[in-house]
Amino acid sequence: MRRRALAAILCSLLAPMAFSLNTRALADPQQPRPQDVAKLAEMRQVHEAFKWFQSHERDLRKLQIEVTKIPAPPFGEANRALWVRDRFKEFGLYDIEIDKAGNVIGLSRGAKRKAPLIALTAHIDTVFPIDTVLDIKSDGDKLVGPGIGDNGAGLTGLFAIAQALKVSGVKHTAGILFVANVGEEGEGDLRGMRYLFQESKWADKIGATIVLDGAGVDSIVTEALGSKRFEITVRGPGGHSWADFGTPNPIVTLARAISRFSESQVPNDPKTSFNVGVIQGGTSVNSIPESATMRVDIRSASTTQIDALEKNLRDAVNNAVREVQDAKSRKGIVNADIKVIGERPAADLKPDSRAYAAVRAVDSHLDIRAQTRRASTDANIPLSLGKDAISVGAGGTGGGAHTIHEWYDPAGRDLGLKRILLTTLTLAGVGE
Ligand SMILES: [Zn+2]
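What counts, and where the lines are drawn
Residues numbered from 1 in each chain as written. Predicted model: local features only at pLDDT ≥ 70, side-chain atom pairs only at ≥ 80, totals over all residues. Helix = DSSP H or I, 4+ residues; strand = E, 2+ residues; numbered from the N terminus. Rg over C-alpha atoms; globule rule 2.2 N^0.38 Å. Buried ≥ 20, exposed ≤ 12 C-beta atoms within 10 Å, placed from the backbone. Contact = placed C-beta atoms within 7 Å. Core = buried A, V, L, I, M, F, W, Y, C linked by C-beta atoms within 7 Å. Domains from an automatic or database assignment. Axes fitted to C-alpha atoms, helices over the stretch in contact; angles between N-to-C directions. Parallel < 35°, antiparallel > 145°, perpendicular 65-115°, else oblique. Left-handed = near helix turned anticlockwise from the far one by under 90°. Nonpolar A, V, L, I, M, F, W, Y, C, P; charged D, E, K, R; others polar. Expected span 1.5 Å × (residues − 1). Pairing = 2+ DSSP bridges. Arc of directions from axis to C-beta.

Secondary structure summary: the protein chain contains 13 helices and 20 strands in total. At 24 Å, the protein chain has a C-alpha radius of gyration in line with the 22 Å of a compact globule built from 432 residues. For the C-alpha atoms alone, the extent of the protein chain along its principal axes is close to 85 × 45 × 45 Å. Here the protein chain holds 432 residues, and the buried ones make up 49% of them. Contacts spanning at least 24 positions in sequence make up 81% of the contacts within the protein chain whose residues lie at least 6 apart.

In structure tokens:
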């Protein structure tokens with residue numbers, strides 16, 4: 001069960017953390033309390049929504065399979081976006097659009113037009129290249145195939161909440177903005193969320209954000225793990241291994257840089273890490289290469305630590321170039337190009353976060369024991385702008401994220417959906 005539990009936020013590296021928000025947030029009388037959630041859960045319309053979740057698992061399963069079968073590699077999400085837009089129409093959302101970034105937006109209107117919106121988001125992109133076979137198989141109740149949980153489960157969560165709101169007729173005070181966003185994975189670099197929160201017409205209208213990512217009900221991501229990624233290319237004149245011996249070698253230069261950089265010391269708290277994940281270069285064993293490239297990932301809960309490691313990396317590369325250059329200066333020059341290919345801001349949820357207090361109150365009501373976690377998710381962007389945001393799973397269980405053996409088990413999905421609905425309505429407020 002532990003392994004399953006850890007699969008909750010599928011596309012992110014997770015780290016357990018000591019978290020002090022809990023008691024502080026719940027001590028504030030203005031914050032949502034379990035008894036408020038209990039009152040909400042007793043409303044007839046909310047009951048209707050719960051019943052809808054239970055009686056429509058087959059429909060949700062079908063939607064999940066269909067959406068997962070549409071390829072959505074990074075920067076290739078358009079077809080899946082069109083399909084999601086049609087579902088948003090079918091489910092009765094308003095103001096539906098695909099924005100300039102490619103995000104699909106739909107609004108469930110609230111009674112108070114001016115109240116800050118609650119954004120409910122799920123990313124539509126996957127890590128899988130366009131030519132990946134997206135064959136979804138059933139293994140008993142389980143579904144198996146690439147992207148079925150990450151983020152087929154999150155998107156299905158959006159579809160379920162939109163339909164249940166409509167069918168049950170729950171009147172909420174603040175509007176609920178449904179967002180199926182692009183660009184969460186890898187090189188996507190959170191561009192969908194950046195656009196939504198920095199440039200779109202909704203940017204100033206959103207209050208709290210709930211991100212649905214993957215399966216599970218066992219964790220709440222409250223702290224945004226920051227990261228910065230680099231592609232470093234060393235170039236030289238190249239040549240023949242015998243005739244041009246002595247010409248500076250880009251692979252050797254890069255190897256020196258890696259050796260130096262990997263000696264960097266990092267703290268355990270705030271946890272900080274680095275990785276050289278890709279190395280490429282050269283053409284044959286008897287050629288001095290003309291270029292060599294590596295990709296480096298730096299992660300930390302602290303921006304200061306990320307900056308310090310970036311300086312180490314740049315120093316290591318520049319020193320390696322200088323050394324190789326000095327040793328072989330008579331036979332041409334090498335130079336290095338350091339390119340930033342990704343940057344995700346580190347940030348913390350504010351201590352008085354209503355979204356956190358709300359999900360805690362809901363978890364207490366539903367008897368869910370969730371752990372708070374630090375991870376890199378779509379919530380990084382609103383958190384880095386000082387906004388309230390959490391990331392949770394969309395119920396059920398799953399595993400094997402980012403592999404073609406990924407699986408999702410919908411058993412208990414309705415508990416996850418109840419949790420999302422109650423948290424959303426607690427934040428939005430409801431009228432009688
Ligand atoms: Zn994901």
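This brings us to the nonpolar core. In terms of nonpolar packing, the biggest core is built from 107 residues, with Leu158, Ile161 and Ile390 touching the most fellow members. Per-element accounting of this core gives the leading share, nine residues, to helix H7 (residues 152-168). Both of domain 1 (2-223 + 347-428) and domain 2 (226-344) provide at least three residues apiece to this core. Sequence-distant contacts of Ile390, defined by excluding residues within four places in its chain, comprise Ile210, Ile220, Val221, Thr222, Leu349, Ala355, Tyr356, Val359 and Ala379.

Another aspect to go through is the packing of H7 against helix H13 (residues 413-428). A pair of packed helices can be characterised by two numbers: the angle between their axes and the separation between those axes. Taken N-terminus to C-terminus, the directions of H7 and H13 make an angle of 60°; their axes are 10 Å apart at the nearest point. Between H7 and H13, the crossing angle belongs to the class labelled oblique. Crossing angle aside, the handedness with which H7 passes H13 is right-handed. Along the contact surface, H7 presents Gly157, Ala160, Ile161 and Ala164, while H13 presents Leu417, Ile420, Leu421 and Thr424. For the contact of H7 with H13, a count of residues per class yields six nonpolar, two polar and no charged.

Here we come to the domain arrangement of the protein chain. Taken as a whole, the protein chain is organised into domain 1 (2-223 + 347-428) and domain 2 (226-344). Each of domain 1 and domain 2 was reduced to a C-alpha centroid, and the two centroids are 38 Å apart. Contact residues are listed per partner, giving eight residues for domain 1 and seven residues for domain 2.

Okay, helix H9 (residues 250-261) next. Look at H9: 16 Å from first C-alpha to last across twelve residues, which is about the 16 Å you get at 1.5 Å a residue. Buried within H9 are the following residues: Pro250, Val252, Thr253, Leu254, Ala257 and Phe261. Taken together, the buried residues of H9 touch strand S10 (226-235), strand S12 (272-281), strand S14 (291-300) and helix H10 (303-327).

Below, the discussion takes up the sheet that holds S14. Taken in spatial order, the four strands of this open sheet run S12-S14-S10-S15, and their pairing is antiparallel. Single-partner strands in this sheet number two, and they are S12 and strand S15 (335-344). Neighbour-to-neighbour, the strand axes of the sheet open up by a mean angle of 15°, direction not taken into account. Where S12 and S14 come together, nine bridges link them in antiparallel fashion. When the bridges of S14 are listed, Val276 appears paired with Val296. Here H9 sits on the sheet in contact with S10, S12 and S14, set at roughly 20° to S14. Seen against the sheet, H10 touches S10, S12, S14 and S15 and runs at an angle of roughly 5° to S10.

With that settled, consider the sheet that holds strand S19 (residues 397-399). With antiparallel pairing, four strands are arranged side by side in an open sheet as S5-S6-S20-S19. In this open sheet, the two edge strands, each paired with only one partner strand, are strand S5 (137-139) and S19. Strand-to-strand, the axes of this sheet are offset by a mean angle of 20°, without reference to chain direction. Here two bridges tie strand S6 (residues 142-144) to strand S20 (residues 407-409), and the two strands are oriented antiparallel to one another. Counted as the bridge partner of Leu143 is Tyr408 from S20.

As a further point, take helix H6 (residues 78-90). With 13 residues, H6 extends 19 Å between its outermost C-alpha atoms, agreeing within 8% with the 18 Å of an ideal straight helix rising 1.5 Å per residue. Every buried residue of H6 is listed here: Arg80, Ala81, Val84, Arg87 and Phe88. End-on view of H6: buried residues confined to an arc of 120°, all on one side of the axis. Seen from the open side of H6, the exposed residues pointing more than 90 degrees away from its buried face are Asn79, Leu82, Asp86, Lys89 and Glu90. If you follow the buried residues of H6, they end up packed against helix H5 (57-68), strand S2 (94-98), strand S3 (104-108), H7 and strand S7 (176-181). Of the residues flanking the end of H6, it is Gly92, one or two places downstream, whose phi is positive at about 80°.

On to the pairing of strand S18 (residues 389-392). On S18, burial covers both faces: Ala389 and Ser391 on one face and Ile390 and Val392 on the other are all buried. The pairing of strand S8 (residues 206-212) with S18 spans four bridges and is classified as parallel. Bridge assignment links Val211 to a residue of S18, and that residue is Ser391.

Running from amino to carboxyl end, helix H11 (residues 354-366) crosses H13 at an angle of 135°, the nearest separation of the two axes being 9 Å. The angle between H11 and H13 falls in the class oblique. Once H11 is placed against H13, the crossing between them reads as right-handed. Contact residues: Arg354, Ala355, Ala358, Val359, Ala361, Val362 and Leu366 in H11; Leu415, Lys418, Arg419, Leu422, Thr423, Thr426 and Leu427 in H13. Per-class residue counts for the contact of H11 with H13 are nine nonpolar, two polar and three charged.

We now examine unusual backbone geometry. Put simply, Asp150 and Asn151 share a cis peptide bond, and its omega is 15°. Positionally, Asn151 belongs in the loop between S6 and H7. Following Asp269, the chain continues into Pro270 via a peptide bond in cis, with omega recorded as 0°. Tracing the chain through its elements places Pro270 in the loop between H9 and S12. A positive phi is found at Asp189, a non-glycine position, where the angle reads about 55°.

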